[in-house]
Amino acid sequence: MFCYSKRVVRCFPFFIVLLVLATPALASWTQRQKITSTPRGVGAQFGNAVALSGNTMVVGARFDGTTASQAGAAYVYVLTGGTWTQQTVLLAPDGAVADKFGYSVAISENTIVVGAYNDDSPLSNAGSAYVFVRSGTTWTFQQKLTASDAAADDQFGVAVAVSGPTIFVGANFSDQPSNSDAGAVYRYTQSGTVWSQVQKLIPAGGVILGDHFGEALAVSGSKLVVGSPGADVPFTAAGSVYVFVDSGGGVYSQQDKISIASGANGDSFGNSVAIEGNTLVGGALQYTPIVAQPAYGAAYVYEFNGASWVSQGRLTASDGASVDRFGYSVAVSNNVVAVGAREDDTTAGGPDAGSAYVFTRTGSVWTEKQKLAQSDPFNGDRMGGSIALSFGNLVVGAPEKALTLPNGQGAVYYFTSINKTLYDFDGDGLSDLSIFRPSNGQWWYQQSSDNTVRALTFGSSTDKPVPADYDGDGKTDIAIYRPSTGEWFVLRSSNLSFFSVPFGISTDKPSPGDFDGDGMADLTIYRPSEGTWYVSKSSGGFQITQWGANGDIPVNRDYDGDGKSDIGIFRPADGSWWVNRSTAGIFVTTFGVGTDKPVPADFTGDGKTDIAVWRPANGSWYVLRSEDFSFFALPFGANGDVPAPADFDGDGKADFGIFRPNGANWFIQRSTSGILIQQFGSTGDIPTQASYVP
């Protein structure tokens, strides 16, 4: 037996065989929303800066004219049910002409910091930063920050970062002795409701003329990353990135200075920075790989190994071109790096429409996986001017997007990753060992990311488990269908809220799927008495399709690889499969016999579901490959086992898995990582991977 608790617990399974660690399966990204401000300021450049913390986003609009011409503003949004809704507008209480409040923004839970680098207090363009705090749903101005040694044209507030009770503010034009525009960073800490400057950060050995130290900032835990794109290492303005760490006693000290050995004049490495844990990214928007074709741009990734920062390579766009300025903005989260190319000339949008690129990591190697463009590209949008990423939520600013003439109101585009791994409760791209216990309505799952076991009660003995990603956050949601009332009950993993909706009758077979391709599972039932499918689409509207007959088993999956579930049935009477593919059309074949259990999944990793059956009589699996319609068979299991196929090692291929009720043992033949044998559950439990297996 495994551990019993409604809290998070660490459990040690009886027997585990682990051979190879696999890389998580790759998710695709899709635009979910175009976000604009209310009111829409002419030329406001809404989206010139963005930041995320949990389900809250702050967006800068440096030229907003609500307070005064180009005084600036910042807008706060909250994410609910997959949609960002504006919560408030933040304005400087003393905003004035051309302050550019909102040029930089940062957020940590209920604290927002907004930079106004051209604020004239106490001196012309000395700059400032403003702190706002939230109580409930109300944001209140708390304090204005300025440098203790402020001077004209310092541009204090050009960059800001916040983590808990600590705020950092960059002043990239701060003059150091005999060196103008060398730059500096100021650190503030909180005591009660008061923020106090406690440290001025300058690199060991100092900074020199035009280094612009502090032009970009990022913080993660006790690590602070500072961009210095004007640093002359190894050549003029090749740029550098500095790492500072909390060395104890309330002091941050320099841990490392990172420069690119192959850097060239004017690369500007450090114009943008991002960090998560031990992974650091620095943009170099002026990187020029071809003479006389400047500013292709690049980004560099480093990993801290416990002693030093080690390069994991240079990222460039596969379709890079001169003056794309790839690397203008960067973000990193959960083994994903996103890079903005603000001036990319796209085919659909034209000159400077802009774009963003997504890279994923395999071991220590980063690979470009997707190029993102806005749904309505147009020349001069400059999408990629800002970017923020947090566990499957990606926002990209297009600050010069024309909503109405003249140009430049701005917009932010929201993308989410569609994790195609089923039964993945922690969103790491690997299916988790998991069960539903009808006897008490409990769910138990072991997170593959850290082996933590979680449990909760959601349902009753007569309910049917219908796990799927209903809120589009890349994680499987716990859900049940109650035949007695025809109701669905879904516990959203994104915020642990739940919803219920009547959709079906007692004899219906629940079979959710993503029929509209928006990354969210749609409530779906198959009514055998009519041979009819009823789909309530998450994007809106209903679909009713006649497909099947009484006695058929629903087997909807994505058989043609277009990102949408296809209506399909398995007919035990003659072993035939009838699939109405959303792109490739109707497909009918005979594969199996009446006593087989249909177990469709992508066993070959081509992105398309393979028709497959498991035969209890001999414990064998039979798979019809989608790529060439050849088939193979594999004995794995015995009569009395419950087939539970899923991608347990995250290599993009479904693995052969069975749950043996007698002893509650799992036997999984992983396609990359080898055999896994583990006890998890008890007799009478339903493996979630078998939720839709008859």
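Residues numbered from 1 in each chain as written. Predicted model: local features only at pLDDT ≥ 70, side-chain atom pairs only at ≥ 80, totals over all residues. Heavy atoms only, no water.

Draft legend 1. Spotlight on the packing of aromatic side chains. One pass over the full model with this rule turns up 33 aromatic pairs. Arranged with centres 6.4 Å apart and planes meeting at 80 degrees, the rings of Phe-156 and Tyr-188 form a pair that is edge-to-face. Highlighted residues: Phe-156 in strand β11 (residues 156-163) and Tyr-188 in strand β13 (residues 184-191), separated in sequence by 32 residues. Accessibility expressed as a relative area gives 2% for Tyr-188, which makes it buried. Where Phe-458 meets Phe-498, the ring centres are 6.2 Å apart and the plane angle is 75 degrees; that geometry is what we call edge-to-face. (Phe/Tyr/Trp six-rings, centres within 6.5 Å; stacked < 30°, edge-to-face > 60°. Helix = DSSP H or I, 4+ residues; strand = E, 2+ residues; numbered from the N terminus. Buried < 20%, exposed > 50% of the residue type's maximum accessible area, 1.4 Å probe, protein only.)

Draft legend 2. Inspection of the environment of Trp-547 at higher detail. Here Trp-547 lies in the loop between β40 (542-546) and β41 (553-554). On the basis of relative accessible area, Trp-547 is assigned to the buried category, the value being 14%. Taking the C-alpha atoms as reference, Trp-547 lies 20 Å from Gly-561; in sequence the two are 14 residues apart. If we skip the residues at most four places from it in the chain, Trp-547 touches Tyr-526, Gly-531, Trp-533, Ile-567, Gly-568, Ile-569, Trp-578, Val-579, Asn-580 and Ile-586. Here Trp-578 takes part through its backbone oxygen, which lies 3.1 Å from a polar atom of the side chain of Trp-547. (Contact = heavy atoms within 4.5 Å. Polar contact = N/O pair within 3.5 Å; in protein donor to acceptor, adjacent residues only side chain to side chain.)

Draft legend 3. Highlighting the sheet that holds strand β4 (residues 56-61). If you walk across this open sheet you meet the four strands as β3-β4-β5-β6, and the pairing is antiparallel. Of all strands in the sheet, those bounded by a partner on one side alone are β3 (46-53) and β6 (83-90). Pairwise comparison of adjacent strand axes, ignoring direction, gives a mean angle of 25 degrees for this sheet. Sheet topology places strand β5 (residues 73-80) next to β6; seven bridges connect them, and they run antiparallel. Opposite Tyr-75, over in β6, you have Val-89 as the bridge partner. (Pairing = 2+ DSSP bridges. Axes fitted to C-alpha atoms, helices over the stretch in contact; angles between N-to-C directions.)

Draft legend 4. A look at the domain arrangement of the protein chain. Split by domain assignment, the protein chain resolves into domain 1 (35-196), domain 2 (215-402 + 411-417) and domain 3 (433-690). Here the C-alpha centroids of domain 1 and domain 3 sit 47 Å apart. (Domains from an automatic or database assignment.)

Draft legend 5. Region of interest: the sheet that holds strand β42 (residues 567-571). The four strands are arranged β41-β42-β43-β44 in an open sheet whose pairing can be described as antiparallel. Since the sheet does not close on itself, it has two edges, and those belong to β41 and β44 (585-590), each with one partner.

Draft legend 6. Quick look at the side chain of Arg-187. Along the chain, the position of Arg-187 falls in strand β13. For the buried Arg-187, no salt bridge exists, and the shortest N-O distance to an oppositely charged side chain is 6.1 Å, to Asp-246. In contact with Arg-187, not counting residues within four places along its chain, are Thr-166, Ile-167, Phe-168, Ser-196, Gln-197, Val-198, Gln-199, Gly-250, Val-251 and Tyr-252. (Lys, Arg positive; Asp, Glu negative; His and termini not counted. Salt bridge = Lys/Arg side-chain N within 4 Å of Asp/Glu carboxyl O.)

Draft legend 7. Quick peek at the pairing of strand β22 (residues 309-315). Note: strand β21 (residues 298-304) against β22, five bridges, orientation antiparallel. Of the residues in β22, the one forming a bridge with Phe-304 is Trp-309. Joining the antiparallel neighbours β21 and β22 is a turn of four residues, in which Gly-306 adopts a positive phi near 105 degrees.

Draft legend 8. Just the pairing of strand β16 (residues 223-228), in detail. With six of its six residues buried, β16 lies for the most part within the structure. Burial of the side chains of β16 extends over both faces: Lys-223, Val-225 and Gly-227 are buried on one face and Leu-224, Val-226 and Ser-228 on the other. Alignment of strand β15 (residues 216-220) against β16, held across five bridges, turns out to be antiparallel. Each residue of the ladder has a partner; that of Val-219, found in β16, is Leu-224. Between β15 and β16, which pair antiparallel one after the other, the connecting turn spans two residues, and Gly-221 there sits at a positive phi close to 60 degrees. Inspection of the sheet shows β16 paired to strand β17 (residues 240-246) by six bridges, in the antiparallel sense. By the bridge assignment, Val-225 is partnered in β17 with Val-243.

Draft legend 9. Layout of unusual backbone geometry. Residue Pro-122 is reached from Ser-121 by a cis peptide bond, and omega for that bond is 10 degrees. Tracing the chain through its elements places Pro-122 in the loop between β8 (111-116) and β9 (128-135). The omega torsion of the bond from Val-233 to Pro-234 falls at -5 degrees, within 30 degrees of zero and hence cis. Its place among the elements puts Pro-234 in the loop between β16 and β17. Even without glycine at this site, Asp-181 takes up a positive phi of about 55 degrees. Tracing the backbone shows Asp-181 in the loop between β12 (166-171) and β13. Its relative accessible area of 26% is what places Asp-181 among the partly exposed residues. Although it is not a glycine, Ala-295 sits at a positive phi angle of roughly 60 degrees.

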